[in-house]
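What follows is the residue order along each chain.
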Amino acid sequence: MKKQLHDNICEEHLFSSIFNKYAKDLHDFLYYKFGELLNPKDKVQEAFVKLWQNCAKVTPDKAKSFLFTTANNLMLNEVAHQKVVLKYQQTKPKTSTNENPEFLMQESEYMDKLQRALANLTDAQREAFMMNRVEGKRFKEIAKILDISTKAVEKRIYGALEKLRRDIKEL
């Protein structure tokens, strides 16, 4: 049986190495699952703050699990909060609309529209689409990671592209 070198992660160099090892993967996980609108970067930072606050209780081999579980829960809490905010916004009369009839937009407006369109994808579509387009993974790789068939991956990505084309006519 392998003996652990450290009982907890309260040493700065150990915590720093855990941060360097998992921060990007954690951000990508949150971004693919929930999109950009819920600020995955903030949730990654909050998860690491909670890890530091509980460093005496968390062993190095449990750090990844703690981080991903904490960050996922933070995002789920934010989703629930956004639903409440949306519910109360709907009671007020709308004074403006997000739709803009002009075909030509400035670059910043286009990026905002793209982010909204990505956020409107289903979790499954966004996850498969981002793995394919951002990370450059092939359909077979995505199917293996998500434990689904290659056809299911094709359908998710095709559906995401169709939805994006509808939401962003310039794409």
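Residues numbered from 1 in each chain as written. Predicted model: local features only at pLDDT ≥ 70, side-chain atom pairs only at ≥ 80, totals over all residues. Heavy atoms only, no water.

If you look the protein chain up in an unreviewed UniProt entry, it shows as RNA polymerase sigma factor from Snuella sedimenti. Per UniProt, the protein chain carries the Sequence similarities (unreviewed entry) text "Belongs to the sigma-70 factor family. ECF subfamily." (UniProt positions renumbered as here; feature names shortened; annotations may be inferred.)

Novice: Describe in detail the packing of aromatic side chains, supporting the description with residues and values.
Specialist: A ring pair, where both rings are aromatic, is described by two values, the distance of the centres and the angle of the planes. Scanning the entire structure with this criterion turns up five aromatic pairs. When the centroid spacing of 5.4 Å and the interplanar angle of 55° are considered together, the rings of F29 and F68 count as tilted. Within this pair, whereas F29 is found in helix α1 (residues 12-34), its partner F68 is found in helix α3 (residues 63-90), the two being separated by 39 residues in sequence. For the ring pair Y31 and Y32, a centre distance of 6.2 Å and an interplane angle of 65° mean the geometry is edge-to-face. Classification of Y32 as buried rests on a relative accessible area of 6%. What links up through ring pairs into an aromatic cluster is the set F15, F19, F48 and W52. (Phe/Tyr/Trp six-rings, centres within 6.5 Å; stacked < 30°, edge-to-face > 60°. Helix = DSSP H or I, 4+ residues; strand = E, 2+ residues; numbered from the N terminus. Buried < 20%, exposed > 50% of the residue type's maximum accessible area, 1.4 Å probe, protein only.)

Novice: Can you lay out helix α6 (residues 139-146) for me, pointing to particular residues and giving the numbers?
Specialist: Of the positions making up α6, those classed as buried are I142, A143 and L146. Burial along α6 is one-sided: seen end-on, the buried residues are contained in an arc of 100°. Set apart from the buried face of α6 by more than 90 degrees, the exposed residues are K140 and K144. Close packing links the buried residues of α6 with α5 (123-133) and α7 (150-167). Taken from the residues just after α6, D147 is the one with a positive phi, measuring 60°. (Arc of directions from axis to C-beta. Contact = heavy atoms within 4.5 Å.)

Novice: Any chance you could break down the state of the cysteines for me, citing the residues and the numbers?
Specialist: Following the criterion strictly, the structure yields one disulfide and no others. The disulfide partner of C10 is C55, and the S-S distance across this bridge is 2.0 Å. Around the S-S axis, the bridge from C10 to C55 shows a dihedral of about 95° and counts as right-handed. With C10 in the segment before α1 and C55 in the loop between α2 (40-53) and α3, this residue pair connects regions lying 45 residues apart in the sequence. Judged by relative accessible area, C10 falls into the partly exposed class, the value being 26%. (Disulfide = S-S within 2.5 Å.)

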